[in-house]
Amino acid sequence: EIEAKYTKKMQVLRDELDLRRKTEIHEVEERKNSQINELMRNHEKAFSDIKNYYNDITLKNLALISLLKEQMEEMKKKENHLEKEKADVLLQNKQLKEPLQQAQEQVSELQKKLAHYNKDKEALTNTKARLKVTQKELKDLQWEHEVLEQRFSKVQAERDELYQKFTKAINEVQQKTGFKNLLLERKLKGLLSVLEKKEVELSEVFAASNLDPGALSLVSRKLEDVLNSKNATIEDLQLQLARVCKAHDDMLQTFQAKLTAFGIPLDNLGFKPLVHPVLGQ
């Protein structure tokens, strides 16, 4: 029994140890695989970094080569341009020989003129004296200009005052003229209405009465006299209206002429005038 008991314990212990060994072996393999994977990732990363590094170097070298080629072409262009400029400068040097000779001749002439320095100095003194006189005249003219400006300001103020008074007078005259025109128009309309009414009444009277031709002729003559008198009154009223309109137009033309004379734009009139007043306005 004891042997069986300890055999059983030994078997259990052996199984536990075997399980622990297998577990440890499995953990060791896991750690080994993890380290292998980590090493592979590190190696791949290092390889990728080295690859990118050499790719960058290659691209930089290619860019540098391209830049150097462009610079070489630019230098060739500059060299050609400098050669052209050199040829142009040589040509200009040839062309400037004649102006240089002329300049030298001018220097000789200026040296001769320099000998007359004293005369020029005396002329300068006389010029300074004349300049002082001119400056005095300029001050006098400035003083006169200030006086004229003050007079101009005064005249401008008088013009503005006259403009205001004239505008006020024009408004008053226009109001009076419009009122008078309105009265004349109403009077004329009233007379025309009365005339039409009388004609209708007269026609009714002629139609209703049995007058003899003589009496009818007499009444007709009297009626014609009355009509002539009324027509004369109408013509007189129309003449009065025409005279008022003419006075209005003359006044407006005079006012516009004054505005033009004083340099005031016609747009600043302040109201819209009736150039040709008509009935009803």
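No experiment lies behind these values; they were computed from the predicted model shown. Starting afresh in each chain, residues are numbered from 1 along the sequence in its written order. Owing to the predicted nature of the model, reporting of local features is limited to residues with pLDDT of at least 70; listing and counting of side-chain atom pairs is limited to 80 or more, with chain, interface and lining totals taken over all residues. Computation of side-chain values: all heavy atoms of the structure, hydrogens and water removed.

Caption draft 1: Layout of the overall build of the protein chain. Here a strand is any run of E in DSSP of at least two residues, a helix any run of H or I of at least four, and the numbering for each starts at the N terminus. Along the protein chain, the regular secondary structure elements total three helices and zero strands. N-terminal to C-terminal, the α/β element order of the protein chain is α-α-α. Of all 281 residues assigned to the protein chain, the portion counted as buried reaches 9%. In the protein chain, the proportion of contacts linking residues at least 24 apart, taken out of those at least 6 apart, comes to 76%. Total accessible area on the protein chain is roughly 24700 Å²; 58% of this is exposed by carbon and sulfur atoms. Here the term buried applies to any residue with accessible area under 20% of the maximum for its type, exposed to any over 50%, and partly exposed to those in between, with areas from a 1.4 Å probe on protein chains only. The contact criterion used is simple: two residues touch if any of their non-hydrogen atoms lie within 4.5 Å. Surface accessibility in these figures is a Shrake-Rupley result with a 1.4 Å probe; residues are shielded only by whichever protein chains are displayed.

Caption draft 2: Main features of the pattern of salt bridges. The salt bridge criterion pairs a side-chain nitrogen of Lys or Arg with a carboxyl oxygen of Asp or Glu, the two atoms within 4 Å. Applying the stated criterion across every chain yields a total of six salt bridges. A salt bridge links Lys-22 to Asp-18, with the nearest nitrogen and oxygen atoms 3.6 Å apart. Pair noted here: Lys-22 and Asp-18 are both in helix H1 (residues 2–114), with a separation of four residues, about one helical turn. We classify Lys-22 as partly exposed; its relative accessible area is 48%. Asp-18 sits in the partly exposed class, given a relative accessible area of 26%. For Lys-136, the salt bridge is made with Asp-140, and the minimal N-O distance between the two is 3.7 Å. Here Asp-140 and Lys-136 lie together in helix H2 (residues 117–208), a separation of four residues that amounts to about one turn.

Caption draft 3: Spatial organisation of the packing of aromatic side chains. Within 6.5 Å between ring centres, the rings of Phe, Tyr and Trp (the latter by its six-membered ring) count as paired, and their orientation is classed by plane angle as stacked under 30 degrees, edge-to-face over 60, tilted in between. Going through the model one piece at a time under the given rule, you end up with one aromatic pair. Their ring planes at 75 degrees and their centres at 5.3 Å tell us that Tyr-53 and Tyr-54 sit as a pair that is edge-to-face. With relative accessibility at 51%, the residue Tyr-54 sits in the exposed group. Definition used: whenever NZ (Lys) or CZ (Arg) falls within 6 Å of the ring centre and also within 35 degrees of the ring normal, the charge is taken to sit over that ring. A cation over an aromatic ring shows up here: Lys-9 above the ring of Tyr-6, its NZ or CZ 5.1 Å from the ring centre.

Caption draft 4: Inspection of the nonpolar core at higher detail. Here, nonpolar core means buried Ala, Val, Leu, Ile, Met, Phe, Trp, Tyr and Cys residues that are tied together by side-chain atoms lying within 4.5 Å of each other. Judged by nonpolar contacts, Leu-184, Leu-188, Ile-234, Leu-237, Leu-241 and Cys-245 together constitute the single largest core of six residues. Top contributing element to this core by residue count: helix H3 (residues 213–261), with four residues.

Caption draft 5: Focus on a negative patch on the surface. A grouping of Glu-24, Glu-27, Glu-29 and Glu-30 is seen on the molecular surface, where their side chains present a negatively charged patch. Among the secondary structure elements, Glu-29 is positioned in helix H1. With relative accessibility at 39%, the residue Glu-29 sits in the partly exposed group. Patch membership requires over 30% relative accessible area and the absence of a salt bridge. Like charges are linked within 9 Å, and nonpolar side chains (Val, Leu, Ile, Met, Phe, Trp, Tyr) within 5 Å. In this count, Lys and Arg are taken as positive residues and Asp and Glu as negative ones, while His and the chain termini are left out. Note that the charge is assigned to NZ on lysines, CZ on arginines, CG on aspartates and CD on glutamates.

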